Amino acid sequence: MSSYKKRMGNAVVDPAYENNSVRHADDELLAKLGYKSEFRREFSLLETIAFAFSIMGVVASVSSTMSFPLVSGGHVGMVFGWLIPCFFVMTIAASLAELTSSMPTSAGLYYFSAKLAPPRWAPLASWITGWANVTGQVSLVCSIDFTCAQMIVTALYVGSDGAINLGAGPTFGILLAILFTHGIVCSAATSVLARLNIAYVLINLGTTIAAIIVLLVCSGEQRVSTETAFTMYENNTGWSNSGWAFLLAFTAPMWTLTGCEYHHSHCGIARIRSLRSCTHLAVYVDDSAAHISEETSNAARAAPIAILVGVGATASLGWLLSIAASFATASVPRLLESALPLPMGQLFLDVLGKRGMLAIWSLIIVVQYVTGAAQGVDASRVVFAFARDNALPGSRWWKRMHPYTRTPVNAVWLVVGLAGICGILGFSETALSSLAGASVIGLYVSYVTPIFLRITSGREKLQPGPFTLGKWFMPIGVVAVCWVTFIVVLLVFPPEVSPSANTMNYTVVIIMAVFIFASLSWIISARKWFKGPVKTVEDESGSTSEYDDKKDVGVEEKSVGSH
């Protein structure tokens with residue numbers, strides 16, 4: 001028995017008792033926020049960090065977004081087009097980490113908005129944030145898995161020396177197969193998912209480090225000088241203003257695991273028809289730790305740490321990989337004119353040869369696959385939480401927990417089904433690109449709304465958790481809001497100076513359609529019954545009611561996130 005205990009002074013404390021005590025405190029805090037505990041708290045601090053890091057897929061992110069900096073700045077775009085945005089992204093991560101520490105619930109962003117908005121506008125703020133986040137999360141699953149399918153197609157093309165060149169139909173079939181396997185994985189019990197994420201992070205980290213090493217060591221005479229790697233600027237965008245062209249390189253770290261298809265113009269310079277698959281998860285600011293906070297032990301501490309470590313590690317490793325790629329790139333035009341869908345694939349082919357490229361590319365495909373699995377878990381928790389608050393059609397089905405796994409299996413398969421439907425757009429590059437762009441903007445709207453409310457109406461409402469920004473919440477929040485506003489403008493621009501109907505970026509059309517749908521549904525129906533997060537625990541009087549700001553549940557109008 002003594003081997004399972006540890007000493008504290010003269011007392012002997014059983015670790016199992018200590019863990020139960022922590023989990024009981026977590027459940028009490030969740031009850032004060034209005035929800036009963038329905039998940040098993042199986043994620044430790046390490047496993048939560050692993051989940052947050054795994055969902056970003058560093059090496060796959062850089063590999064699939066390399067087209068943007070190549071077109072918008074060449075070597076300078078690769079190195080500084082990644083570095084500069086990451087500083088601003090950290091302000092978003094820090095702001096969300098503070099909110100998560102105060103209110104660790106799977107509801108996440110829309111719950112934060114409800115609690116920080118003026119009481120009159122709280123339901124509307126929650127409604128807009130929730131729908132923006134749900135839409136973005138589900139689209140993200142499709143985007144990640146579609147890019148995984150594209151990577152498999154690329155490997156088949158290289159391995160067969162161009163003999164196997166699959167079209168949109170077979171690629172869609174591969175997407176459906178990936179989604180189906182992810183549905184099975186994401187339906188597992190929390191304890192299984194927690195252990196899997198340790199394997200995910202080892203694969204992710206190991207592949208990233210391997211890619212950095214091989215690009216630097218194996219490039220040989222192809223490796224450029226330090227001066228060229230850090231200072232050579234090339235504007236291949238078609239925009240005459242080089243400053244504006246360089247700003248477009250910032251979209252690389254704003255997209256993750258992007259498949260960019262290049263078509264050659266008559267002058268031989270590639271132009272982007274972006275099949276933008278997913279937000280960069282260093283910038284997709286990884287609120288995933290918040291969504292699994294109800295499955296995390298000591299969530300008020302572990303979740304914010306996971307957000308900051310995950311974003312910081314991804315930003316750092318992504319920059320190192322971008323530098324390695326810059327050193328290994330002997331000719332930017334050669335990569336842009338490659339027949340392969342992803343320029344990074346051509347770079348590995350140039351550096352490592354066919355067999356070496358296929359070996360490292362296979363590992364990158366695995367990274368992409370596990371990233372999709374982690375995103376499937378994340379999206380299902382968002383759907384479950386929003387359904388728990390009765391905000392989705394058929395909420396009573398999607399909020400059901402499986403009696404054995406204690407996970408929202410119905411929500412998992414809803415996400416898989418909707419992602420498969422979104423994948424049909426893969427038959428049109430323009431449609432899929434625009435949908436992915438809209439999902440990115442939707443996610444950023446869901447990120448920035450509670451941050452904006454924190455620095456305006458919610459300045460005196462938040463009761464800090466273990467992690468707090470203190471007096472710095474205001475300047476950090478202002479920078480975060482300004483950055484999101486700026487980057488959203490960049491994301492709606494077309495990829496070239498004079499786009500045709502087939503290359504135009506229709507993101508703004510989809511965004512307006514979603515906005516109009518959400519607005520009309522609110523005006524016609526939702527404003528009459530949706531009051532924000534719904535309490536699922538009994539208050540002191542023994543009754544269960546919808547969300548309010550009563551003091552007896554530990555959430556006051558001027559202080560949220562009680563501890």
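Treat the numbers as computed from the prediction; the structure is a model and nothing was measured.

Thresholds, definitions, all that
Residue positions are given per chain, counted from 1 along the sequence in the order it is written. Note on the predicted model: pLDDT of at least 70 is required for a residue's local features to be given, and 80 or more for side-chain atom pairs to be given and counted; whole-chain, interface and lining totals, by contrast, use all residues. Heavy atoms throughout the structure, all of them, feed into the side-chain values; hydrogens and water do not. Secondary structure elements follow DSSP: runs of H or I of four or more residues count as helices, runs of E of two or more count as strands, with numbering from the N terminus. Residue exposure (1.4 Å probe, protein chains only): buried if accessible area is under 20% of the type maximum, exposed if over 50%, otherwise partly exposed. Contact criterion: two residues are considered in contact whenever any of their non-hydrogen atoms come within 4.5 Å of each other. Here the accessible surface of atoms and residues is derived via Shrake-Rupley with a 1.4 Å probe, and residues count as covered only by protein chains that are part of the display. Planes of paired rings set the category: under 30 degrees apart is stacked, over 60 is edge-to-face and the rest tilted, where pairs are Phe, Tyr or Trp rings (Trp by its six-membered ring) whose centres lie within 6.5 Å. We define a salt bridge as a contact between a side-chain nitrogen of Lys or Arg and a carboxyl oxygen of Asp or Glu at a distance within 4 Å. Take the buried Ala, Val, Leu, Ile, Met, Phe, Trp, Tyr and Cys residues and link them wherever side-chain atoms come within 4.5 Å; each set so joined is a nonpolar core. What a helix is expected to span follows from its residue count: subtract one and scale by 1.5 Å. In protein, a polar contact means a hydrogen-donor-capable atom and an acceptor-capable atom, both N or O and within 3.5 Å, with residues adjacent in sequence counting only if both atoms are side-chain atoms; elsewhere, any N or O pair within 3.5 Å suffices. pLDDT is a per-residue confidence score from the predictor, ranging from 0 to 100. Here, axes are lines fitted to C-alpha atoms. For helices the fit covers the stretch in contact, and angles between N-to-C directions go from 0 to 180 degrees. To sort the angles, those under 35 degrees are grouped as roughly parallel, those over 145 as roughly antiparallel, those from 65 to 115 as roughly perpendicular, and the leftovers as oblique. Each crossing is labelled by how the near helix is turned from the far one, with a counterclockwise turn of less than a right angle marking it left-handed and a clockwise turn marking it right-handed. The residues that make up patches have over 30% relative accessible area and no salt bridge, and they are joined within 9 Å when like-charged or within 5 Å when they are Val, Leu, Ile, Met, Phe, Trp or Tyr. Two axes define the bend at a residue: one fitted to the seven residues ending there, one fitted to the seven starting there, and the bend is the angle between them.

**Concerning the overall build of the chain**
Check the secondary structure of the chain and you find 20 helices and four strands. The buried share among the 563 residues of the chain stands at 58%. Of the contacts formed within the chain by residues at least 6 apart in sequence, a portion of 80% connects residues at least 24 apart. Counting every atom, the chain has about 21100 Å² of accessible surface; 65% of that belongs to carbon and sulfur.

**Here's the deal with the packing of aromatic side chains**
If you walk through the whole model with that rule in mind, you get 20 aromatic pairs. Judged by centre distance (4.8 Å) and plane angle (65°), the ring pair of Tyr-110 and Phe-386 falls under edge-to-face. Placement of Tyr-110 in helix H6 (residues 109–116) and of Phe-386 in helix H15 (residues 343–388) is noted, with a sequence separation of 276 residues between them. Take Tyr-110 and Phe-386: they sit in the same class, and that class is buried.

**Describing the pattern of salt bridges**
By the definition in use, this model includes seven salt bridges. One salt bridge in this structure joins Glu-98 and Arg-454, with 3.4 Å as the shortest N-O distance. Note that Glu-98 is positioned in helix H5 (residues 74–102) and Arg-454 in helix H18 (residues 429–455), a separation of 356 residues in sequence. Among the salt bridges present, the one from Arg-388 reaches Glu-294, with a minimum N-O distance of 2.8 Å. With Arg-388 in helix H15 and Glu-294 in the loop between helix H12 (288–291) and helix H13 (299–328), this residue pair connects regions lying 94 residues apart in the sequence. On the accessibility criterion, Glu-294 (1% relative accessible area) is buried.

**Section: the nonpolar core**
One finds Ile-92, Trp-127 and Val-383 to be the most contacted residues of the largest nonpolar core, which totals 99 residues. The next biggest cluster of nonpolar side chains, apart from the first, holds 41 residues, and it includes Cys-86, Ala-149, Leu-215 and Leu-342.

**Quick word on the side chain of Asn-204**
Take Asn-204: it is sitting in helix H9 (residues 190–217). If we skip the residues at most four places from it in the chain, Asn-204 touches Phe-53, Ser-54, Gly-57, Val-58, Val-59 and Val-367.

**Some thoughts on helix H17 (residues 409–423)**
Along its 15 residues, H17 runs 21 Å from first to last C-alpha, staying within 8% of the 21 Å computed at 1.5 Å per residue. Of all the residues in H17, the buried ones are Val-409, Ala-411, Val-412, Leu-414, Val-415, Val-416, Ala-419, Gly-420, Cys-422 and Gly-423. In this structure, the buried residues of H17 make contact with helix H7 (122–159), helix H8 (168–186), H15, helix H16 (395–398) and H18.

**Considerations on the environment of Met-56**
Structurally, the position occupied by Met-56 is in the loop between helix H2 (45–54) and helix H3 (58–65). The sequence separation of Met-56 and Val-370 amounts to 314 residues, and the corresponding C-alpha distance is 9.7 Å.

**Regarding the side chain of Ser-446**
Tracing the chain through its elements places Ser-446 in helix H18. Accessibility expressed as a relative area gives 0% for Ser-446, which makes it buried. Within the local environment of Ser-446, its side chain forms a polar contact with the backbone oxygen of Leu-443, the two atoms lying 2.6 Å apart. Residues within four places of Ser-446 in sequence aside, it is in contact with Leu-109, Thr-129, Ala-132 and Asn-133.

**Observations regarding the confidence of the model for the chain**
With 85% of its residues at a pLDDT of at least 70, the chain reaches an overall mean of 82. The model gives residues 1–14 a pLDDT under 50, and that stretch makes 15 contacts with residues more than four places away or in other chains. Per-residue pLDDT stays below 50 along residues 256–283; that stretch engages in 136 contacts with residues further than four places along the chain or on separate chains.

**Brief notes about the packing of H13 against H15**
Across the interface, H13 lies against H15 with an axial gap of 11 Å and an inter-helix angle of 60°. Judged on the interaxial angle alone, H15 and H13 are oblique. Note that H13 runs across H15; the crossing there is left-handed. Together, Leu-321, Ala-325 and Ala-328 of H13 and Met-344, Leu-347 and Val-351 of H15 make up the contact between the two elements.

**A look at a nonpolar patch on the surface**
A surface patch of nonpolar side chains, amounting to about 910 Å² of accessible area, comprises Met-504, Tyr-506, Val-508, Val-509, Met-512, Phe-515, Ile-516, Leu-520, Ile-523 and Ile-524. By the secondary structure assignment, Tyr-506 is in the loop between helix H19 (473–491) and helix H20 (507–529). Of the residues examined, Tyr-506 reaches a relative accessible area of 31% and is grouped as partly exposed.

**Regarding unusual backbone geometry**
The residue Asp-161 is not glycine, and still its phi comes out positive at about 55°. The topology assignment puts Asp-161 in the loop between H7 and H8. In this model, Asn-298 sits at a positive phi of 55°, which is unusual for a non-glycine residue. Here Asn-298 is to be found in the loop between H12 and H13.

**Some remarks on H15**
Here H15 contains 46 residues, and its C-alpha end-to-end distance of 43 Å is more than 12% below the 68 Å for a straight helix at 1.5 Å per residue. For H15, the principal kink sits at Gly-353 and spans about 125°. With respect to burial, H15 is a largely interior element, 33 of its 46 residues being buried. Asn-390, located one to two residues past H15, shows a positive phi value of around 60°.

**Remarks on the environment of Gly-77**
Tracing the backbone through its elements, the reader meets Gly-77 in helix H5. According to the relative accessible area criterion, Gly-77 is buried, its value standing at 0%. Excluding residues that lie within four positions of it along the chain, Gly-77 makes contacts with Pro-69, Trp-82, Phe-246 and Ala-249.

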